[in-house]
Amino acid sequence: MLIKKRTGIEIPSSEITPRHIYLSRRKFMKGAAALAGSSLLAACASPNEELATAVPPSDTGAATTAPLPTTAPSANTDELGDALNSFEEVVNYNNYYEFTTDKEDVAKLAANYPTSPWKVEVGGLVSKPQTFDIEDLRAFELEERIYRLRCVEAWSMVIPWMGFPLAKLLNAVEPTADAKYVRFETVLDKENMPGQKSPWFQWPYVEGLRLDEAMNDLTLMATGLYGEDLLPQSGAPIRLVVPWKYGFKSIKSIVKIDLVDTMPTSLWMDSAPNEYGFYANVNPEVDHPRWSQATERRIGEFGRRETLMFNGYGEQVASLYEGMDLRANY
Ligand code: MTE
């Protein structure tokens, strides 16, 4: 993990990823996605979605219309020496089922989604419930966090996020002694989010963490990446990032956070309880019922690499699960 306060050093975007490298990586990405075929794509989908997932993503060849960021990250690698994924990779290969199950179409479909004004209501078992405007949240001191994101579908990226520890927000509302879990909700907006018309899921997207997981310093409320505010496809204006858990825990476009005393049921637990549990810690020894979790495909790379326990963050988080059976608590 790399943690760094915002430096404000401005570096021309041309220095972030040379255009020819980006283009050849993108070409590779498309080939790799096609090769992966139906078995891995949209692997989050419940069995009911097999029809949709049997179709490889359409390759529109459309590049992002997003302007390149002007602020370069403080490092080119994470703490393990793994290269950052390019901005273009991060904002053009997304899971955001509220728009579509096709990763390469999310950016286009979400492009005009209105993310301002935006409010986040924080309540439940707290002494000081509050509704924050997004500007209030951006006023928390933003830090750069370079994290690996490991999707349950067995692909991964390295992303330079901007955000603040969730613990800061939770401390501001003062959880009561009864609070044991944190429940997060994405915006519900069937008009503007076509995917929310899908009957296969119980909308809105919900996720949850145990309170001690939520208070861990790694758990981030992200408002930006590559030094810029989040784009809609990445979960603008504010999302969760929990780097030692499968990517589906990192819920996007949050409007509600509640402190509760019972374990929340997430959208994925509800739709396929035999495949997706509450904990969802990255674990190469516990396979998904339909595929192995031992290896992963890093976007932009050839071949596969071994998946690390807790996605490589064991030193910071393994103690949270001492004495727990991680196979039973998947
Ligand atoms: N949050 C919402 N609201 N809806 C989603 O479909 N997909 C999840 C997670 N958060 C998802 C979501 C999954 S499966 C992954 S892997 C990550 O977002 C992907 O984040 P990215 O698109 O920024 O890479």
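Overview of the structure. Everything numeric here is computed off the predicted structure, so don't read it as measured data. (Residues numbered from 1 in each chain as written. Predicted model: local features only at pLDDT ≥ 70, side-chain atom pairs only at ≥ 80, totals over all residues. Heavy atoms only, no water.)

### Considerations on the sheet that holds strand 11 (residues 254-260)
- Here 5 strands make up an open sheet; going across it, the order is 3-2-11-6-7 and the pairing mixed. Across the chains shown, the open sheet's two edge strands, defined by having one partner strand only, are strand 3 (130-133) and strand 7 (206-210). Taking the axes of each pair of neighbouring strands and ignoring which way they run, one obtains an average angle of 15 degrees across the sheet.
- With 5 bridges joining them, strand 6 (residues 181-186) and strand 7 adopt antiparallel strand pairing. Following the sheet pairing, F184 is matched in strand 7 by E207.
- Along the sheet, helix 6 (residues 166-173) contacts strand 2 (119-124), strand 3, strand 6, strand 7 and strand 11; its crossing angle with strand 3, the most-contacted strand, is approximately 135 degrees. (Pairing = 2+ DSSP bridges. Helix = DSSP H or I, 4+ residues; strand = E, 2+ residues; numbered from the N terminus. Axes fitted to C-alpha atoms, helices over the stretch in contact; angles between N-to-C directions. Contact = heavy atoms within 4.5 Å.)

### Examining the pairing of strand 4 (residues 143-150)
- For strand 4, the tally of buried residues reaches 8 of 8 residues, placing the bulk of the element in the interior.
- Of the two faces of strand 4, the one carrying E143, R145, Y147 and L149 and the one carrying E144, I146, R148 and R150 are both buried.
- Here strand 4 runs beside strand 5 (residues 155-165); their pairing, made up of 8 bridges, is antiparallel. Bridge pairing in strand 5 places R150 opposite S156. (Buried < 20%, exposed > 50% of the residue type's maximum accessible area, 1.4 Å probe, protein only.)

### Topic: helix 6
- Among the residues making up helix 6, those that are buried are L166, A167, L169, L170 and V173. Taken end-on, helix 6 shows its buried residues confined to a sector of 160 degrees, consistent with a single buried face.
- Of the residues flanking the end of helix 6, it is E174, one or two places downstream, whose phi is positive at about 55 degrees. (Arc of directions from axis to C-beta.)

### Considering the site of the ligand
- As a matter of local geometry, the ligand sits amid 17 residues, with Y97, E98, R239, S250 and K252 nearest to it.
- Within the side chain of T186, one N or O atom sits 3.0 Å away from a nitrogen atom of the ligand.
- Take S250: an N or O atom from its main chain is 2.9 Å from a nitrogen atom of the ligand.
- Burial of the ligand by the surrounding chains reaches 100%, relative to a free accessible area of 530 Å².
- Tallied by class, residues from the shell around the ligand come to 9 nonpolar, 5 polar and 3 charged. (Near = heavy atom within 4 Å. Polar contact = N/O pair within 3.5 Å; in protein donor to acceptor, adjacent residues only side chain to side chain. Areas by Shrake-Rupley, 256 points an atom, 1.4 Å probe, with all protein chains shown as cover. Nonpolar A, V, L, I, M, F, W, Y, C, P; charged D, E, K, R; others polar.)

### A look at the pairing of strand 6
- The buried fraction of strand 6 amounts to 5 of the 6 residues, a majority that puts the element mostly inside the structure.
- Across 6 bridges, strand 6 lies against strand 11 in antiparallel orientation. Directly across from R183, in strand 11, lies its bridge partner D258.

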